[in-house]
Amino acid sequence: MSSPNVLDYAFRVIESMAFSIHAVLGLTEPFTGCLRNAFHDGGALPSWFWPVAGAFLAVVAAANFSGIDSVVLAAQAYIAAFHSGAVMYHLRLGH
């Protein structure tokens, strides 16, 4: 494993903090309804989506600090894909 530089580490901390917060939001969505109310999506996603996405986000937040470079690369690939999907979701909802 190569040692990460300071900027790389700082970005991974920020990403993982954001993903941890969103993981909690996703996992608690069936009980709170906060995401559906905030997005006004009209049921655009199935009810199981948010808890599953929250679980994945929690795993990725932890994997982002793995000592195995390929695991970190996979986490970064998921982060890029997740954000691409989020852009498409918000554009489709007209945000």
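Values in this document were obtained by computation on a predicted structure and should not be read as measured data. Starting afresh in each chain, residues are numbered from 1 along the sequence in its written order. Confidence filtering applies because this is a predicted model: local features only for residues at pLDDT of at least 70, side-chain atom pairs given and counted only at 80 or more, and all residues used for totals across whole chains, interfaces and linings. Excluded from the side-chain calculations are hydrogens and water; all other atoms, namely the structure's heavy atoms, are used.

## A look at the overall build of the protein chain
Next up, step 1: Numbering goes from the N terminus for both helices and strands, where a helix is a DSSP run of H or I of at least four residues and a strand is a run of E of at least two. Within the protein chain, the secondary structure is distributed over 4 helices and 0 strands.
Next up, step 2: Seen in sequence order, the protein chain has helices and strands lined up from the N terminus as α-α-α-α.
Next up, step 3: Evaluated residue by residue, the protein chain yields a buried proportion of 25% over its 95 residues.
Next up, step 4: Only heavy atoms enter the contact rule, under which two residues are in contact if any of them lie within 4.5 Å. In the protein chain, of all internal contacts separated by at least 6 residues, the share reaching a separation of at least 24 is 60%.
Next up, step 5: Of the roughly 6200 Å² of accessible surface on the protein chain, 73% is carried by carbon and sulfur atoms. The rule is simple: take the accessible area with a 1.4 Å probe, protein chains only, and divide by the maximum for that residue type; under 20% is buried, over 50% is exposed, in between is partly exposed. The method behind every accessible area is Shrake-Rupley, applied with a 1.4 Å probe, and residues are considered shielded solely by the protein chains displayed.

## So, the nonpolar core
Next up, step 1: Residues belong to one nonpolar core when they are buried, are Ala, Val, Leu, Ile, Met, Phe, Trp, Tyr or Cys, and are joined through side-chain atoms within 4.5 Å. One finds F19, A23, L57, V60, A61, A63, A75 and I79 forming the largest nonpolar core, which totals 8 residues.
Next up, step 2: Among the secondary structure elements, those contributing two or more residues to this core are α1 (6-32), α3 (49-63) and α4 (69-93).
Next up, step 3: Membership of the second largest hydrophobic core comes to 5 residues, among which are L35, F39, W50 and Y89.

## A look at the packing of α3 against α4
Next up, step 1: Think of each axis as a best-fit line through the C-alpha atoms, taken over the contacting stretch in the case of a helix, with angles from 0 to 180 degrees between the N-to-C directions. Viewed as axis vectors pointing N to C, α3 and α4 meet at an angle of 145 degrees, and their least axial separation amounts to 9 Å. As α3 packs across α4, the resulting crossing turns out to be left-handed. Two secondary-structure elements touch here, α3 through W50, F56, L57, V60 and A63 and α4 through V71, V72, A75, Y78, I79, F82 and Y89.
Next up, step 2: When grouped by side-chain class, the residues that make up the contact of α3 with α4 number 12 nonpolar, no polar and no charged. For any pair of crossing helices, the crossing counts as left-handed if the nearer helix is rotated counterclockwise from the farther one by less than a right angle, and right-handed if it is rotated clockwise. Classes in brief: Ala, Val, Leu, Ile, Met, Phe, Trp, Tyr, Cys and Pro nonpolar; Asp, Glu, Lys and Arg charged; the others, Gly included, polar.

## Some words on the environment of D8
Next up, step 1: Structurally, the position occupied by D8 is in helix α1.
Next up, step 2: Separated by 50 residues in sequence, D8 and A58 have C-alpha atoms that sit 20 Å apart.

## A closer look at α3
Next up, step 1: Under the 1.5 Å per step criterion, the end-to-end length of α3 is 21 Å for 15 residues, consistent within 8% with the ideal 21 Å.
Next up, step 2: Among the residues making up α3, those that are buried are W50, A53, G54, L57, V60, A61 and A63.
Next up, step 3: Buried residues in α3 make contact with α1, α2 (34-39) and α4. Expected span of a helix: the number of residues minus one, times 1.5 Å.

## Details of α4
Next up, step 1: For α4, which comprises 25 residues, the first-to-last C-alpha distance of 36 Å matches the rise-based estimate of 36 Å (1.5 Å per residue) to within 8%.
Next up, step 2: Looking at α4, one finds that the buried residues are V72, A75, I79 and Y89.
Next up, step 3: Looking at the packing, one finds that the buried side of α4 touches α1, α2 and α3.
Next up, step 4: Just past α4, the residue G94 takes up positive phi, approximately 80 degrees.

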